[in-house]
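# Fold and geometry: a report
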Amino acid sequence: MILSLSTSLANAAFALFAAEPKLPTLPDSPYFWMPPSASVTTSNTDALFNFMLWMSLFFTVAIFFAMARFCIKYRAKSRAANENAQKTSEHNTVLELTWSIIPLMIVIPLFVGGFKGYVDLRTPPKGAMEIRAQGQKWKWLFTYPGLGSPDDTLHVPVNTPVRIVINSVDVIHSLFIPSFRTKMDAVPGRYSDIWFKATQTGEFPIFCAEYCGTSHSDMLSRVVVHPPGGYETWLANTIAAADSLSGKDRGAMLYEKQGCSTCHSIDGTPKVGPSWKGIFGKMESMTAGSPMKVDENYLRESMMDPQAHIVMGFTPAMPTYQGKLSDKDIDGLIEFIKSLK
Amino acid sequence: MASPSATADVVAPRSTSGGDNYLTHDKGILSWIFTLDHKRIGVMYLFSVLTAFALGGFFALMVRTELLTPGRTIMDHDTYNQMFTLHGAIMVFLVIIPGIPAALGNIIMPLQLGAKDVAFPRLNLASYHLWVVGAIFMLTSLAINAVDTGWTFYTPYSLTTTTAVVPAAFGAFILGFSSIFTGLNFIVTVHKLRPPGMSWFRLPLFVWSLYATALIQVLATPVIGITLLMMIVERTLHIGIFDPTLGGDPVLFQHFFWFYSHPAVYIMIVPAFGVIGEIIPVFSRKRMFGYKFIAVSSLAIAFLGFLVWGHHLFVSGQSVLAGTIFSAITFLIAIPTAIKVFNWITTMYKGVIHLDTPMLYALAFLWVFTIGGLTGVFLAVMSVDVHLTDTYFVIAHFHYVMMGGAITAFMGGLHYWWPKAFGRMYNEKLGRIGACLVFVGLNVTFFPQFILGSRGMPRRYYNYLPEFQSLHVLSTLGAYTLGLGFLLTAFYLFKSLKSGRIAPANPWGGVTLEWQCSSPPPYYNFHKPPVVTAGPYDGYEELMYDEKLGGYLPRKAKSG
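Think of each chain on its own: its residues are numbered from 1, step by step along the sequence as written. Chain letters start at A and ligand numbers start at 1, both assigned in the order the entries are written. Since the coordinates come from a predicted model, pLDDT governs what is reported: local features require at least 70, and pairs of side-chain atoms require 80 or more to be given and counted, while whole-chain, interface and lining totals use all residues.

## A closer look at the overall build of chain B
Worth spelling out the cut-off: The helix count covers DSSP runs of H or I at least four residues long, the strand count covers runs of E at least two residues long, and both are numbered beginning at the N terminus. Two things to know: the radius of gyration comes from C-alpha atoms, and the globule rule equals 2.2 Å times the number of residues to the power 0.38. In this scheme the burial state of a residue depends on its C-beta neighbours within 10 Å: 20 or more other such atoms mean buried, 12 or fewer mean exposed, and anything in between means partly exposed; the C-beta positions come from the backbone. Throughout, a pair of residues is in contact if the C-beta atoms placed from their backbones lie within 7 Å.
Regarding its fold elements, chain B presents 17 helices and 4 strands. Against the 2.2 N^0.38 benchmark of 24 Å for 560 residues, chain B shows a C-alpha radius of gyration of 23 Å, consistent with a compact globule. In terms of its C-alpha atoms, chain B occupies a principal-axis envelope of roughly 80 × 45 × 45 Å. Residue burial in chain B is summarised as follows: out of 560 residues, 64% are buried. Restricting to contacts in chain B with at least 6 residues of sequence separation, those with at least 24 account for 84%.

See below:
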């Protein structure tokens, strides 16, 4: 009974992983310029953006009409007509001051508004729920309290302040959630953070906004905002599923969840790294040193110290998984690779 | 009667066709490569910059073509990354930075000062030779394994990528020295070689803007030189400066980089202000309104430009206090910029407006630069910048300023001074069609990118979500239109060199000193240094259009 329950749970979880679409979808937005607004942090940004949009429209149209009017009204008949310009004053201090002070009067409130919004974006409320985000080439990994291995999707409860603590394991990335109007660089060697309080349930895209190399544009993820209670259920199910899986099923799950699939195919096409199909047991030439046999030890080394031996034809791009994969995880991945004949 | 701006004997144009001028004074390729003549150096700069522009433009069209579809269109990930990097690096370091100052400035500025040459002709030649060496290093990177870091060379990515970063960065380092030499030369030239009577407030606005630019070039460029050198040392010798695995700080690089590169934005746009300041009065037949405010605002922009680099780092983890100060100073730049735009437009009021090609480019500049400037305000607002930074909104903003502003002004200046530099008129009708194509093309290319950006499309993306495709297709069609406009321009300009009508000394009726020597100018520019007795835009009424000549003559000379 218990056994069959856990098996069906594991199958359900595996089906869930497998069924996930590759690309996030851009949700329909009620606005022309902006994606939908799905966090309390968006109101300041959207209000200021709209104000500036109208202000810009006003000035652009005004300048266009002034130019067009002058060009039509004062257009020269021909060069041969040799008309002289009408005498006008060449300098007018009052006018100069007017068009200096009016822009100043406009930008002061913009500065203050932007400052307030920025301080708000950069100051997470006390007691916010914490989730760790780690950027690596080319995957976002999110670590949840109580879940041993990280997940590639950001799951959060609705109407709850959430603080994301961000860092990077290799180069600079940037965690960008357009629907929450927030973004923060993931810098190797230091922590940064963002916070939000989602106001709408549903799925919203996450992008990497700082250029990070070959697959920068594939470093996508999603934030799933759960209805009340949904987050807790998701977390419990995921923990149960992660614990129950072992062997090659565990490897298959990790292949998707840990970012392996970004660079390694399982159908034989080389991507940034070698394809896993049929690689186990093969002799491979290395960029340095003698050829090596792809066995358990080579695979383990490639996960823990990926730059040690690089297969010929590929570049050292992989981050280390030291500390991120347990022995059970590594065994699972090796079993999964073995199964890909 | 207002006196003409120079004594009568220099105003009388000398015969132009067949006579001795700087183009015919010496013969042979070596007489060009080792020339000390500012005009020849300027011409070599001009054609080198235009070649680089064609190359950078080709890469831009490749990038835009790839972006026609959300997935692969014509190239793979890595090639795409190299294409946008080369496009940016070439356009910034090889085209826009030297474009107006070193090419147009070298040809025209000494003439506007009534001088025989710049202060240090050998340094001027060295500057061009360094440009060539720098360009060769950049092309070396292209030949080995083209750099893929983006033109910004951000660490630690630039320290870890396997592409040829070192030649490209070293090329940019050398190009920095080329730029410093030009700047130093122009500062001394403006201080020391002004003719009798030309006080500071009688300088043409083009000279003012080049002076302000030169100050930035000399003060800011050494910082990028040292920064790139440190990056090269770190990459080759593994000394920890920016790499966190060696104990360095990657964000420090961004501070150093923008300490130069934000002022460099003004190295690119301030000379454009100068060109517009020359074109609008001449084609409105009116003195520039608010001359002093425009001149001083260039200096103000140059100064403030040094204090705002941190506005590129609002999401880098920089402290809130630092961000606040940078944001506040950034807003201040809006004021001198607004002053300029309003003064330019007011100059046209009650003028006599001739819509020739240079004026069409100046009008295009005014409108497009206004959009570029106003969208800069969006990015100065800190909370809004958090959403917009590193998206296509930023791409659209700086292309409106760099392409719509700096390149449009460069094209305006090129058409304005082309008859002076080469002694030939281009086909005016094709010129106007070209200007319209460029104007339409750049708006269709870059306006959709504002929408893409605020909707969340990040920059430097090879793949993108299918929902963004229609705007990308529109943008690419605009880029093709731009390409067509520039091809047409290249065609009629080169054609004019062979078969264009012989240009008169003063085809547009300008009153600055360059219009008082023949087209093309003689080798020594002026037989006698002109004496200046009036402001730079005084005396349009003293000129008279002569239809047979196709240019302007002093009224007195015609009647007499």
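## A few points about the overall build of chain A
Along the backbone of chain A there are 8 helices and 11 strands. Against the compact-globule benchmark of 20 Å for 341 residues, chain A has a radius of gyration of 28 Å, which places it well outside the compact range. Projected onto its principal axes, the C-alpha coordinates of chain A cover approximately 95 × 50 × 35 Å. A fraction of 66% describes how many contacts in chain A between residues 6 or more apart in sequence connect residues 24 or more apart.

## Brief notes about unusual backbone geometry
Omega for the bond connecting A:Lys137 with A:Trp138 falls within 30 degrees of zero, at -5 degrees, which places this linkage in the cis form. With respect to the secondary-structure elements, A:Trp138 resides in the loop between strand 1 (129-136) and strand 2 (139-143). A positive phi angle, close to 65 degrees, is found at B:Asn525, a residue other than glycine. In this fold, B:Asn525 is placed in the loop between strand 2 (501-502) and strand 3 (543-546). On the neighbour-count criterion, B:Asn525 (24 C-beta atoms within 10 Å) is buried.

## A closer look at the packing of helix 8 (residues 205-237) of chain B against helix 9 (residues 250-284) of chain B
All names here are of chain B. Cut-off, in case you're wondering: Between the N-to-C directions of two axes lies an angle of 0 to 180 degrees, each axis being a line fitted to C-alpha atoms and, for a helix, fitted only over the stretch in contact. Convention used here: angles under 35 degrees read as roughly parallel, angles over 145 as roughly antiparallel, angles from 65 to 115 as roughly perpendicular, and any remaining angle as oblique. Crossing handedness follows the turn of the near helix against the far one: under a right angle anticlockwise gives a left-handed crossing, and clockwise gives a right-handed one. Each residue gets one of three labels, nonpolar for Ala, Val, Leu, Ile, Met, Phe, Trp, Tyr, Cys and Pro, charged for Asp, Glu, Lys and Arg, and polar for the others, Gly among them.
Taken N-terminus to C-terminus, the directions of helix 8 and helix 9 make an angle of 160 degrees; their axes are 8 Å apart at the nearest point. Between helix 8 and helix 9, the angle falls in the class roughly antiparallel. Along this stretch, helix 8 crosses helix 9, giving a crossing that reads as left-handed. Here the contact of helix 8 with helix 9 is composed, by residue class, of 23 nonpolar, 8 polar and 1 charged.

## Observations concerning the sheet that holds strand 3 (residues 154-157) of chain A
Residues and elements named next belong to chain A. To keep things clear, this is the line we draw: We call two strands paired when DSSP finds no fewer than two bridges between them.
Strand order in the open sheet formed by 5 strands is 3-9-8-5-6, and the pairing between neighbours is mixed. Of all the strands in the sheet, just strand 3 and strand 6 (182-186) have a single pairing partner and so form its edges. For this sheet, the mean angle separating the axes of adjacent strands, direction not counted, is 25 degrees. Here helix 4 (residues 230-244) sits on the sheet in contact with strand 3 and strand 9 (221-226), set at roughly 140 degrees to strand 3.

## Concerning the interface of chain B and chain A
Contacts between the two partners involve 78 residues from chain B, matched on the other side by 76 residues from chain A. Counting only elements with at least two residues in the side of chain B that touches chain A, the list comes to helix 4 (77-112), helix 6 (157-160), helix 9, helix 11 (320-348), helix 12 (357-380), helix 13 (382-388), helix 15 (428-454) and strand 3 of chain B. Take the side of chain B that touches chain A: its biggest share by element is 13 residues, from helix 11 of chain B. Residue classes in the side of chain B that touches chain A are distributed as 43 nonpolar, 24 polar and 11 charged.

## Describing the sheet that holds strand 1 of chain A
The strands that make up a sheet are held in pairs by hydrogen bonds between backbone atoms, and each pair lies either parallel or antiparallel. Residue and element names in this part refer to chain A. Spatially, 4 strands are ordered 2-1-4-7 in an open sheet, and the strand pairing comes out mixed. The open sheet terminates on both sides in strands that have one partner only, identified here as strand 2 and strand 7 (192-197). Put simply, the sheet's adjacent strands are angled 25 degrees from each other on average, direction ignored. In this structure, strand 4 (residues 161-168) lies alongside strand 7, joined through 6 bridges in antiparallel fashion. Opposite Pro161, over in strand 7, you have Lys197 as the bridge partner.

## Some words on the domain arrangement of chain A
Residues and elements named next belong to chain A. This is how the line gets drawn: These domain boundaries are the output of an automatic or database domain assignment.
Split into domains, chain A comes out as domain 1 (129-241) and domain 2 (246-339). A separation of 25 Å is found between the C-alpha centroids of domain 1 and domain 2. Domain 1 puts 15 residues into the contact, and the matching count from domain 2 is 9 residues. Counted by class, the side of domain 1 that touches domain 2 contains 4 nonpolar, 5 polar and 6 charged residues.

## Points about the nonpolar core
In summary, soluble globular proteins display a tendency toward joint burial of nonpolar side chains. Our working rule: A set of buried residues qualifies as a nonpolar core if it consists of Ala, Val, Leu, Ile, Met, Phe, Trp, Tyr and Cys joined through C-beta atoms within 7 Å.
The biggest cluster of nonpolar side chains holds 242 residues, and the ones touching the most others in it are A:Leu175, B:Ile90 and B:Ile276. For B:Ile90, the residues in contact, after removing those within four places along its chain, are B:Ala52, B:Leu55, B:Gly56, B:Phe59, B:Val95 and B:Met138. Grouped together as the second largest cluster of nonpolar side chains are 15 residues, A:Leu254, A:Cys260, A:Ile337 and A:Leu340 included.

## Concerning the pairing of strand 3 of chain A
Residue and element names in this part refer to chain A. Neither face of strand 3 is exposed, since Leu154 and Val156 on one face and His155 and Pro157 on the opposite face are all buried. Relative to strand 9, strand 3 runs parallel, the two sharing 4 bridges. When the sheet's bridge partners are listed, His155 is paired in strand 9 with Val224.

## Side note on the environment of A:Ser261
Mapped onto the elements, A:Ser261 comes out in helix 6 (residues 260-263). Residues in contact with A:Ser261, not counting those within four places in the same chain, are A:Tyr255 and A:Glu256.

## So, the confidence of the model for chain B
Residue and element names in this part refer to chain B. Our working definition: Per-residue confidence from the predictor is reported as pLDDT, a score between 0 and 100.
Confidence along chain B averages 92 in pLDDT terms, with 96% of residues attaining 70 or more. In this model residues 1-17 is a low-confidence stretch, pLDDT under 50, and it forms 43 contacts with partners more than four residues away in sequence or in other chains. In the predicted complex, the global pTM is 0.89; the interface-specific ipTM is 0.90.

## Quick word on the confidence of the model for chain A
Interpretation of the predicted coordinates at a detailed level should be avoided for regions scoring low in pLDDT. Looking at chain A, pLDDT values average 87 and 94% of them are 70 or higher. Below a pLDDT of 50 lies the segment residues 1-21 of chain A, which in the model reaches 14 contacts outside its immediate sequence neighbourhood of four places, other chains included.

## Here's the deal with the packing of helix 2 (residues 42-73) of chain A against helix 3 (residues 93-122) of chain A
Residues and elements named next belong to chain A. With their axes 9 Å apart at the nearest point, helix 2 and helix 3 run at an angle of 160 degrees to one another. In terms of orientation, helix 2 and helix 3 fall into the roughly antiparallel class. Our pair here, helix 2 against helix 3, has a crossing hand that is left-handed. Here helix 2 contributes Asn44, Thr45, Leu48 and Met55 to the contact with helix 3, which in turn contributes Ile106, Leu110, Gly113, Gly114, Lys116, Gly117 and Asp120. The residue makeup of the contact of helix 2 with helix 3, split by class, is 4 nonpolar, 5 polar and 2 charged.

## Some words on the environment of B:Leu228
Residue and element names in this part refer to chain B. Tracing the chain through its elements places Leu228 in helix 8. Each C-alpha atom of the pair Leu228 and Met109 lies 31 Å from the other, and the pair is 119 residues apart in sequence. Dropping the residues within four chain positions of it, Leu228 is found in contact with Phe153, Ala169, Ala172 and Phe173.

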